[in-house]
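Geometric and topological summary
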Amino acid sequence: MTRYQFDKWGDLYANRALLLKSSAIRDLLSVTARADIISLAGGLPYTKEFKMNKMVSAATDCMERQGNEALQYGPSEGHIGLKKHVTKMMTQDDIVVNTEDLIITDGSQQALDLIGKIFIDPGDHIIVEAPSYVGALDAFIGYEPKIVAIPLDDQGVRVDLLEKQLKELKKEGIRPKFMYVVPNFHNPAGITMSGPRRKRLIELSAEYDLLLVEDNPYGRLRFEGENLPSLRALDDKVVYLSTFSKIFSPGIRLGWVVAPHPILEKIIFAKQSADLCSSSFTQRVVEEFLEANDLDAYLAQLTNIYRGRRDVMLEALEEFFPKEASWTQPNGGFFVWVELPEFIDTTEMLAEAINKKVAFVPGRSFFVGGVGANFMRLAFCYPSEEDVREGVRRLGEVVKDQISLYHSVTDHFHK
Ligand SMILES: Cc1ncc(COP(=O)(O)O)c(C=O)c1O
């Protein structure tokens, strides 16, 4: 591993610190906060529709009714009042749990890190989808695993390829520590794992004693069609993560984990050493908010907005993108995943897009091993419908330019 040359403390860092890097893409994307750039990059939940006075009332109620507790440390496993609301929400999703079956975390990102911390020793194998949520990859990579990536198609993870891998690993005497999956409205791929694939995944997990980690931040943001059972609803040995970030607010930094008790206990120990407890204040404000308001009504409103933006994005892709491109058709969530011809490198194309005042996330970020260069993730959640359309129009021009540039160069050499 290369040590920093220009850092006075370069020799002191642990190996895992050297694995933590700010990517060039993140640096490039930092300019997308500029008002003149339409960002289809960040998966920012749309919070402007939220009635802020409701949160003011919740915060006031919280301080009047339970101010002293809100200003104190709380239990590491989370505030019971909030956990009760979470169990109700989980029951609506056909997951039957009690408050002692789950803990509150600082968003599901913390849960991903804690899972890495309790399961991964350097060199251990873990399995992920390809592509996979970049934040999960980053969290796991810090613990130095060997990552086995199983491709997705429009039905979800390729369980046939997974089975082949599991067989090979078993032959070599390797038991992967866990497999991480996002079955609903995948980040970045936008697809949803089909019912039969879910069933087969559960069968394989039983056959190979494979622990499944299911991450479900977008499941309640469905635009059409029937809900499919979560993996946790099919098998209570699955570790299940979700969050208030996409259905309410990422700023409050609250998520949760449901897990079998021995695993949950290890996660609580790991959380104790990470932060003692999640914020007592935000947990209790959210509790007060949920007591006084109908989150489902707000969600229905949000889902309408996201559905409208998804429709506009898909229509604009049809209108402005060249025939060589293809993309997924999400039934919920935030993202459309676009595949371009193999000769296009979207990381290189990003600078050109930013010149044209539009941004996206290049595909390579969501894979291990540098593959995925011809993919890109487009988020329709935050910009207005007009901006979504205009952003896709600008991006379509950039893609068409890249394609004609390629053809003019290759035609020139073939003459
Ligand atoms: C699949 C997935 N998991 C986890 C997270 C982390 O969310 P948070 O920590 O805000 O709960 C995100 C955020 O984008 C996500 O897309």
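Nothing here was measured: the structure is a model prediction, and the numbers come from that model.

Below, the discussion takes up the overall build of the protein. Each helix and strand in the protein was counted, giving 14 helices and 14 strands. Its C-alpha atoms give the protein a radius of gyration of 22 Å, within 12% of the compact-globule value 22 Å for 415 residues. Projected onto its principal axes, the C-alpha positions of the protein cover 75 × 55 × 55 Å. Expressed as a percentage of contacts within the protein between residues at least 6 apart in sequence, the contacts between residues at least 24 apart total 74%.

Close contacts around the ligand come from 13 residues, with Ser108, Asp215, Tyr218, Thr243 and Ser245 the closest. The side chain of Asn187 places a nitrogen or oxygen atom 2.8 Å from an oxygen atom of the ligand. Within the side chain of Asp215, a nitrogen or oxygen atom sits 2.5 Å from a nitrogen atom of the ligand. When isolated, the ligand has an accessible area of 400 Å², and the protein chains bury 92% of it. When residues of the shell around the ligand are assigned to their parent elements, the largest contribution, three residues, is made by helix H5 (residues 107–119). Of the residues in the shell around the ligand, the class split is four nonpolar, six polar and three charged.

For Glu348, the position within the fold is in helix H13 (residues 346–355). Between the alpha carbons of Glu348 and Ala373 there is a distance of 9.1 Å; along the sequence they are 25 residues apart.

On to the nonpolar core. Across soluble globular proteins, nonpolar side chains have a tendency to be buried as a group. Counting residues in each nonpolar core, the largest one holds 101 residues, and the members touching the most others are Leu201, Phe244, Phe248, Trp256, Leu317, Phe321 and Met376. The dominant element in this core, judged by the number of residues it contributes, is helix H12 (residues 295–320), at 12 residues. Each of domain 1 (15–49 + 297–414) and domain 2 (52–292) gives at least three residues to this core. Discounting residues that sit within four places of it in the chain, Phe321 has contacts with Ala316, Trp327, Val338, Leu340, Met376, Val392, Leu395, Gly396, Val399 and Lys400. By size, the runner-up hydrophobic cluster in this structure holds 28 residues, among which are Val239, Leu264, Ile267 and Ala270.

Bringing the domain arrangement of the protein into the picture now. Domain boundaries in the protein define domain 1 (15–49 + 297–414) and domain 2 (52–292). Of note, the centres of domain 1 and domain 2, computed from C-alpha atoms alone, are 26 Å apart. On the domain 2 side, the residues contacting the 30 residues of domain 1 number 30 residues. For the pair domain 1 and domain 2, the summed buried surface comes to about 2600 Å²; carbon and sulfur atoms form 66% of the total. Counting across the domain 1 and domain 2 interface gives one salt bridge. A salt bridge links Glu224 to Arg310; the shortest N-O distance between them is 2.7 Å. The interface formed by domain 1 and domain 2 holds eight residue pairs in polar contact (both at pLDDT 80 or more) in total. Among the secondary structure elements, those contributing two or more residues to the side of domain 1 that touches domain 2 are helix H1 (15–19), H12 and strand S11 (335–339). Broken down by class, the residue content of the side of domain 1 that touches domain 2 amounts to 16 nonpolar, nine polar and five charged.

Before going further, it helps to spend a moment on the pairing of S11. Burial runs high along S11: four of the five residues are buried. Bridge count for strand S10 (residues 326–327) against S11 is two bridges, and the pairing is antiparallel. Looking at S11, one finds that Trp327 is bridged to Val338.

Turning to its location among the elements, Asn187 is positioned in the loop between strand S6 (179–181) and helix H8 (195–207). Using a relative accessible area of 4% as the deciding quantity, one classes Asn187 as buried. Among all residues touching Asn187, those that are not within four sequence positions of it are Ser132, Tyr133, Val182, Tyr218, Phe335, Phe366 and Arg377. Polar side-chain contacts of Asn187 include one of 2.8 Å to the side chain of Arg377.

In any sheet, the strands associate via hydrogen bonds between backbone groups, in a parallel or an antiparallel arrangement. Read from one edge of the open sheet, eight strands run S2-S9-S8-S7-S6-S3-S4-S5, paired in mixed fashion. At either margin of the open sheet sits one strand with a lone partner, and together these are strand S2 (102–105) and strand S5 (156–157). Set on the sheet, helix H10 (residues 261–275) makes contact with S2, strand S8 (239–243) and strand S9 (255–258); between it and S2 the angle comes to about 25°.

Inspection of the secondary structure assignment puts Thr328 in the loop between S10 and S11. In this structure the side chain of Thr328 is engaged in a polar contact, spanning 2.9 Å, whose partner is the backbone oxygen of Ala189. Apart from the residues within four sequence positions on either side, Thr328 is in contact with Ala189, Gly190, Ile191, Leu314, Val336 and Trp337.

The next subject is the packing of helix H4 (residues 80–92) against helix H11 (residues 280–292). Put simply, H4 and H11 touch, their axes get as near as 8 Å, and they point 50° apart. Classed by the angle they form, the pair H4 and H11 counts as oblique. Our pair here, H4 against H11, has a crossing hand that is left-handed. Here Gly81, Leu82 and His85 of H4 lie close against H11, whose contacting residues are Gln283, Val286, Glu287, Leu290 and Glu291. For the contact of H4 with H11, the per-class residue count stands at three nonpolar, three polar and two charged.

Right, let's talk about the side chain of Thr243 for a bit. Looking at the secondary structure, you find Thr243 in strand S8. Taking the relative accessible area as the measure of exposure, Thr243 reaches 2% and is therefore buried. From its side chain, Thr243 meets the backbone nitrogen of Ser245 in a polar contact 2.9 Å long. Here Leu254 takes part through its backbone oxygen, which lies 3.4 Å from a polar atom of the side chain of Thr243. With residues near it in sequence (within four places) discarded, Thr243 still touches Gly107, Ser108, Pro217, Leu254, Gly255 and Trp256.

Conventions used here
- Residues numbered from 1 in each chain as written.
- Predicted model: local features only at pLDDT ≥ 70, side-chain atom pairs only at ≥ 80, totals over all residues.
- Heavy atoms only, no water.
- Helix = DSSP H or I, 4+ residues; strand = E, 2+ residues; numbered from the N terminus.
- Rg over C-alpha atoms; globule rule 2.2 N^0.38 Å.
- Contact = heavy atoms within 4.5 Å.
- Near = heavy atom within 4 Å.
- Polar contact = N/O pair within 3.5 Å; in protein donor to acceptor, adjacent residues only side chain to side chain.
- Areas by Shrake-Rupley, 256 points an atom, 1.4 Å probe, with all protein chains shown as cover.
- Nonpolar A, V, L, I, M, F, W, Y, C, P; charged D, E, K, R; others polar.
- Core = buried A, V, L, I, M, F, W, Y, C linked by side-chain atoms within 4.5 Å.
- Buried < 20%, exposed > 50% of the residue type's maximum accessible area, 1.4 Å probe, protein only.
- Domains from an automatic or database assignment.
- Buried area = accessible area lost by both parts, 1.4 Å probe.
- Salt bridge = Lys/Arg side-chain N within 4 Å of Asp/Glu carboxyl O.
- Pairing = 2+ DSSP bridges.
- Axes fitted to C-alpha atoms, helices over the stretch in contact; angles between N-to-C directions.
- Parallel < 35°, antiparallel > 145°, perpendicular 65-115°, else oblique.
- Left-handed = near helix turned anticlockwise from the far one by under 90°.

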